[in-house]
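Structural description and commentary
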Amino acid sequence: MKAKTLLVVSDDKIVNLLFSNFVSDDNIILVKDKSSSLKRIIKLIRKGSLPILAVLKMAIAEFMRPNSKPQLQFLVIKSSSELLSLYDKYLPERIILFRAGLIVKRDQFPQELELLNVHCASLPAYGGLASIYRALNNGDYNQKATLHRVTNVIDGGEVLNELPYQMEPSNSYRRNEDIAYETGYELLLSIL
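Below or above, wherever it landed, is the structure these notes cover. For clarity, every value in this text was computed on a predicted model and none was experimentally measured.

Rules used in this analysis
- Residues numbered from 1 in each chain as written.
- Predicted model: local features only at pLDDT ≥ 70, side-chain atom pairs only at ≥ 80, totals over all residues.
- Heavy atoms only, no water.
- Core = buried A, V, L, I, M, F, W, Y, C linked by side-chain atoms within 4.5 Å.
- Buried < 20%, exposed > 50% of the residue type's maximum accessible area, 1.4 Å probe, protein only.
- Helix = DSSP H or I, 4+ residues; strand = E, 2+ residues; numbered from the N terminus.
- Contact = heavy atoms within 4.5 Å.
- Pairing = 2+ DSSP bridges.
- Axes fitted to C-alpha atoms, helices over the stretch in contact; angles between N-to-C directions.

Side note on the nonpolar core
- With 40 residues, the main nonpolar core has Leu7, Phe19 and Phe98 as its most contacted residues.
- Here the element with the most residues in this core is helix α6 (residues 173-191); it accounts for 8 residues.
- Ignoring sequence-local partners within four residues, the contact set of Leu7 consists of Phe19, Phe22, Ile28, Ile29, Leu30, Val31, Ile96, Leu188 and Leu192.

What follows is the structure, encoded as structure tokens:
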């Protein structure tokens, strides 16, 4: 089976809620990224790549969200090598990442493949981990969900499209995070 798009998403409540009404077709293969783990999070905190307060806010927001299980079929991967195996099996025209925690290096994939990421904060200012947390801490409430090409530098590729959104200082962290990811999802739908 050859599909046009491999859509790789995280395995969390945000994605479950956003995709609860998603209508897929034969041109899209849905893939859940289950590469994140407590061990990986602790390693990122120790390295200083992920602020512990950001982790706490994200964890509380995730815990407080309702859970919804999309009635969709997802393949499951836990590494970028497994993503490469899926590419080899399905030979899609493009791979799109949305909230995926995988570290994907562009040079691991054929150059003719369109490899894209939807990042839910303005680039280049808020690339990488804890982007919404950092934007809120900086009082930078005017943000943009961005569609960009994947390169070997995390969130460093050419920005192809942006969709602005507004966070509010009076909102809870969770509500601001929801606004960001709802906007990113809207951007994702516009390219599918």
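Some remarks on the sheet that holds strand β5 (residues 114-119)
- Taken in spatial order, the 7 strands make up an open sheet running β3-β2-β1-β4-β5-β6-β7, and their pairing is mixed. Two strands bound the open sheet, and with one partner strand each, they are β3 (75-77) and β7 (159-166). Adjacent strand axes in the sheet meet at a mean angle of 20 degrees when their direction is disregarded.
- Set on the sheet, helix α4 (residues 80-90) makes contact with β1 (5-10), β2 (28-33), β3 and β4 (94-98); between it and β3 the angle comes to about 140 degrees.

Let's talk about unusual backbone geometry
- Residue Pro124 is bonded to the preceding Leu123 through a cis peptide linkage, with omega at 5 degrees.
- In this structure, Pro124 sits in the loop between β5 and α5 (131-137).
- Notably, Ala130 is not glycine yet its phi reads approximately 55 degrees, a positive angle.
- Of note, Ala130 is situated in the loop between β5 and α5.

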